[in-house]
Amino acid sequence: MADVVELICYPVKGCAGTSMSDAFLTPAGLTHDRSFMVVSEEGVYRTQRRHPRLALVRPAVSADGSRLTLDSADSPGRYGTVHVNVTTSAPRRDVDLFGATFQGIDQGDDAAGWLSEVLGAPSRLVRVPPEHDRIADGLTPGPSGYADSSAVHLLTRSSLTLLDRQLAEHGAPPVPMNRFRPNIVVDTGPGQGHGTDRGDWAAVPHAEDRARRIGIGGAELGYAKLAVRCAVTLVDQETGARQRREPLRTLAGYRRAASGGVVFGAKFSVVRPGKLSVGDDVVVQEWGDVER
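Values in this document were obtained by computation on a predicted structure and should not be read as measured data. Starting from 1, residues in each chain are numbered consecutively following that chain's sequence as written. Whole-chain, interface and lining totals are the exception, using all residues; otherwise, since this is a predicted model, local features are given only for residues with pLDDT of at least 70 and side-chain atom pairs are given and counted only at 80 or more. Computation of side-chain values covers all heavy atoms of the structure but excludes hydrogens and water.

> So, the pattern of salt bridges: which residues are in play, and what are the values?
Counted as salt bridges are all cases of a side-chain nitrogen of Lys or Arg within 4 Å of a carboxyl oxygen of Asp or Glu. Using the criterion set out here, one finds 14 salt bridges in the structure. Linking K225 and D137 is a salt bridge whose minimum nitrogen-to-oxygen distance equals 2.5 Å. With K225 in strand β18 (residues 219-228) and D137 in the loop between β13 (135-136) and β14 (142-143), this residue pair connects regions lying 88 residues apart in the sequence. A salt bridge links E246 to R249; its shortest N-O distance comes to 3.0 Å. For each residue, the accessible area found with a 1.4 Å probe, counting protein chains only, is set against the maximum for its type, and the residue is called buried under 20%, exposed over 50%, and partly exposed in between. Judged by its relative accessible area of 14%, E246 falls in the buried class. Linked through salt bridges whose partners overlap, the residues forming this network are E6, R157 and D187. Where helices and strands are cited, they refer to DSSP runs of H or I of at least four residues and of E of at least two residues respectively, numbered from the N terminus.

The structure is reproduced here in C-alpha cells:
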C-alpha cells in the first residue's frame with residue numbers, strides 16, 4: 001500500500017518546516033500551515049526567491065496557535081530566540097502576495113526586529129486573520145492561507161528517486177526532499193510492485209500528477225494543479241545558500257509543462273478535513289489524465 005511517510009507544516013511562509021507524526025487537516029491545509037508571513041515594511045511578501053536566509057528561521061507554534069517561537073539555525077545563539085504572543089485582534093493591514101492584496105495582522109516590534117536582523121532587511125511578521133477568505137484556483141478550488149496557491153503540496157518519494165537518477169546522469173549530487181517543501185510525502189511499503197491498480201501507485205514516479213481524489217486517514221483531497229517550481233528549489237534548506245543550477249536545470253530536461261514552467265509534485269485542495277498520521281494509507285479514489 002501507499003503510505004504517508006512524512007507530514008510537514010510550515011507555520012511561517014518561506015521558513016523552515018516542522019515534521020509531525022500526526023496533524024489535523026483543516027479546510028485551508030495542515031493546522032497552522034502558512035498562517036504567518038514575513039513582509040517588507042510596505043507589506044510585500046518575502047520568500048526564499050529573494051531572501052534565501054528565510055530557510056534558516058525555525059518557527060515553532062503552540063498547539064492552540066497562541067504562541068510562536070522563532071529561532072535561527074545560523075551560528076546557534078547569534079540572534080537568540082524571540083517569543084511572540086500571537087494576536088488576532090490587532091488592526092489589519094494590507095499585504096501583497098503575488099500581486100494580490102490580502103489582510104494581515106501585524107505581530108509586533110519584537111518579531112519584526114528579530115527578523116530584520118536575521119534577514120538583513122527591514123521586515124514585519126503578519127498572521128492570517130480569522131476572517132481570511134482566500135480561495136485558490138485550480139481543478140478543485142479551495143481555501144488557502146498564505147501558501148503560494150493551493151492548501152496542500154503532495155509528493156511521492158519515487159518522483160524524487162527518479163530526479164536523483166537524472167541528476168546523477170548530469171554528474172550532480174542528489175537533492176533532499178526539503179528542497180521542494182511538501183506537506184505530505186508518500187511512499188510505497190516494502191514488497192509492493194509498480195502498478196497503479198493494486199494500491200502500490202506511489203511506486204510510479206509522478207503518479208501524483210494523475211490523482212484526482214485521494215483519501216488519507218479521515219480526510220480527502222481534491223487535485224488542483226501541478227506544482228510549478230521556482231528558484232526556491234536552488235536553496236539549501238540547511239544553510240540558506242543558493243545553488244547555481246540544480247535541480248532546476250535537470251528538471252527542465254524532462255519535466256517541462258506546455259505552459260513553459262518546470263513542474264514537480266502536485267497541489268491539492270481539502271475536500272474533507274480530518275486527522276492525518278504518518279503511516280496512514282493513501283488511497284487514490286479517482287484518476288485522471290496528466291495535466292499539460
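Having put the structure on the table, let's press on.
> Pulling in residues and values, what's your account of the state of the cysteines?
Two cysteine sulfurs form what is called a disulfide whenever their separation falls within 2.5 Å. Applying the stated rule across the entire model yields zero disulfides. Free of any disulfide, C9 has its nearest cysteine sulfur in C15, 12 Å distant. Owing to a relative accessible area of 0%, C15 belongs among the buried residues under this scheme.

> Quick rundown of the pairing of strand β1 (residues 2-9)? Include the residues and the values.
Here β1 pairs with strand β16 (residues 184-188) via five bridges, running antiparallel. Residue pairing across strands places L7 opposite I184, the latter belonging to β16. Strands qualify as paired when DSSP identifies two bridges or more between them. Where β1 lies against strand β3 (residues 18-20), three bridges are found, and the strand directions are antiparallel. Bridge pairing in β3 places L7 opposite M20.

> Lay out the environment of H170 with the relevant residues and their values.
In this fold, H170 is placed in the loop between α2 (157-169) and β16. With relative accessibility at 43%, the residue H170 sits in the partly exposed group. Taking the C-alpha atoms as reference, H170 lies 47 Å from V86; in sequence the two are 84 residues apart. Whenever two N or O atoms come within 3.5 Å, that pair is a polar contact, provided that in protein one can donate a hydrogen and the other can accept it, and provided that, for residues adjacent in sequence, both atoms are side-chain atoms. Within the local environment of H170, its side chain forms a polar contact with the side chain of T250, the two groups lying 3.4 Å apart.

> How would you summarise helix α1 (residues 109-119) if you had to cite specific residues and measurements?
Restricting attention to buried positions, one finds in α1 the residues A111, A112, W114, L115, S116, V118 and L119. Note on contacts: a residue pair qualifies if any of its non-hydrogen atoms lie within 4.5 Å across the two residues. Considering only its buried residues, α1 is in contact with β6 (36-40), β7 (57-61), β8 (67-72), β9 (82-85) and β12 (123-127). A positive phi of about 70 degrees marks G120, the residue just after α1.

> Account for the nonpolar core, with residues named and values stated.
Working definition of a nonpolar core: buried Ala, Val, Leu, Ile, Met, Phe, Trp, Tyr and Cys residues. They are joined through side-chain atoms within 4.5 Å. Counting residues in each nonpolar core, the largest one holds 29 residues, and the members touching the most others are I184, I214, I216, L221 and F268. The set of elements that each furnish at least two residues to this core consists of β1, β4 (22-26), β15 (152-156), β16, β17 (211-216), β18, β19 (263-272) and β21 (282-287). Non-local contacts of L221, meaning those with residues more than four positions away in its chain, are made with L25, V152, L154, I184, R212, R213, I214, I216, F268, S269, V270 and V271. Among the nonpolar cores identified, the runner-up in size contains 18 residues, and V82, A111, V118 and L125 belong to it.

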